[in-house]
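Residues per chain, in single letters:
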Amino acid sequence: MHDSWKDFLDSEFAKPYFKELSQFLHEAYETKTVFPAKPQVFRAFTTDLNQVKVVILGQDPYHTPGAAHGLAFSVPNSQPIPPSLVNIYKEIDDEYGSHANPRGNLSSWQQQGVLLLNNVLTVEAHRAGSHRGKGWEQFTEATVKHLNEKCDHLVFMLWGRDARSKSSMIDKTKHLVLESPHPSPLSAHSGFFGNGHFKKANEFLKEYGLSEIIW
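> Please clarify how the environment of Ser211 should be interpreted in this entry.
Within the secondary structure layout, Ser211 lies in the segment after α7 (197-207). Between the C-alpha atoms of Ser211 and Gln112, which are 99 residues apart in sequence, the distance is 8.7 Å. Discounting residues that sit within four places of it in the chain, Ser211 has contacts with Lys53 and Leu205. Here the side chain of Ser211 touches Lys53 through a polar contact of 2.6 Å, side chain to side chain.

This is the structure in structure tokens:
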């Protein structure tokens, strides 16, 4: 994890809810197959807080073996591109004509200041949503509030019901909040396609003299 998050993370890790979550995770990793691997759970927090420009908030990690690696919507290059990310790339293609990543690894976005954060950071194999209600939601809520307070001129992309529930926590007088349905094949045609989020994000960044994201 990047040092810029140290005070925030130390504070959250010491709270009772997180201690309970940690105990749950210890038992889960000991007795079940859980994704991502332990060293990758907080990979999103290797993004320098002071360099964050865009926050993309997802739901929970991919629950199939080899897919989740700690960045929301991203997979290692060795993995096939998941359906939600296929739809994300389709939207980028519609807005820009093409997308920059040949595979499903979104590390290049992270390197440009995109925080790829899930609402829930772990999941049991083949059981989507299995780690909801264990404390991760409280942690993610605290993260969004911290970003809202400590940063200026962020773009928050909130996709899906879980992510959109965080909208009220964000000061819209200094940040841009973009909301739409989730890019999952179940909901992408209900308003994710055509949302224009990637161009809107770059227009906002450009307005404040920040470098645009190469999507």
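> Help me understand helix α2 (residues 16-31), please; the structure alone is not making it clear to me.
Because each turn of an α-helix spans 3.6 residues, side chains separated by three or four positions in sequence point in the same direction. With 16 residues, α2 extends 23 Å from end C-alpha to end C-alpha; this agrees with the ideal 22 Å at 1.5 Å per step. When we look at burial in α2, the residues that qualify are Tyr17, Phe18, Leu21, Leu25, Ala28 and Tyr29. Down the axis of α2, the buried side of the element spans an arc of 95°, and every buried residue falls inside it. Exposed residues lying more than 90 degrees from the buried face of α2 are Pro16, Lys19, Glu20, Glu30 and Thr31. The inward-facing, buried residues of α2 contact α1 (6-13), β1 (34-35) and α5 (136-150).

> How should I be thinking about the sheet that holds strand β3 (residues 114-118) in this particular structure?
Overall, parallel pairing links the four strands, which are arranged β3-β2-β5-β6 in an open sheet. The open sheet has two edge strands with one neighbour each: β3 and β6 (176-180). If you compare each strand with its neighbour and ignore which way they point, the axes differ by 15° on average. As defined by bridge partners, strand β2 (residues 54-58) adjoins strand β5 (residues 155-159) across four bridges and the pair is classed as parallel. The residue bridging Leu57 from the neighbouring strand is Leu158, located in β5.

Conventions adopted
- Residues numbered from 1 in each chain as written.
- Predicted model: local features only at pLDDT ≥ 70, side-chain atom pairs only at ≥ 80, totals over all residues.
- Heavy atoms only, no water.
- Helix = DSSP H or I, 4+ residues; strand = E, 2+ residues; numbered from the N terminus.
- Contact = heavy atoms within 4.5 Å.
- Polar contact = N/O pair within 3.5 Å; in protein donor to acceptor, adjacent residues only side chain to side chain.
- Expected span 1.5 Å × (residues − 1).
- Buried < 20%, exposed > 50% of the residue type's maximum accessible area, 1.4 Å probe, protein only.
- Arc of directions from axis to C-beta.
- Pairing = 2+ DSSP bridges.
- Axes fitted to C-alpha atoms, helices over the stretch in contact; angles between N-to-C directions.

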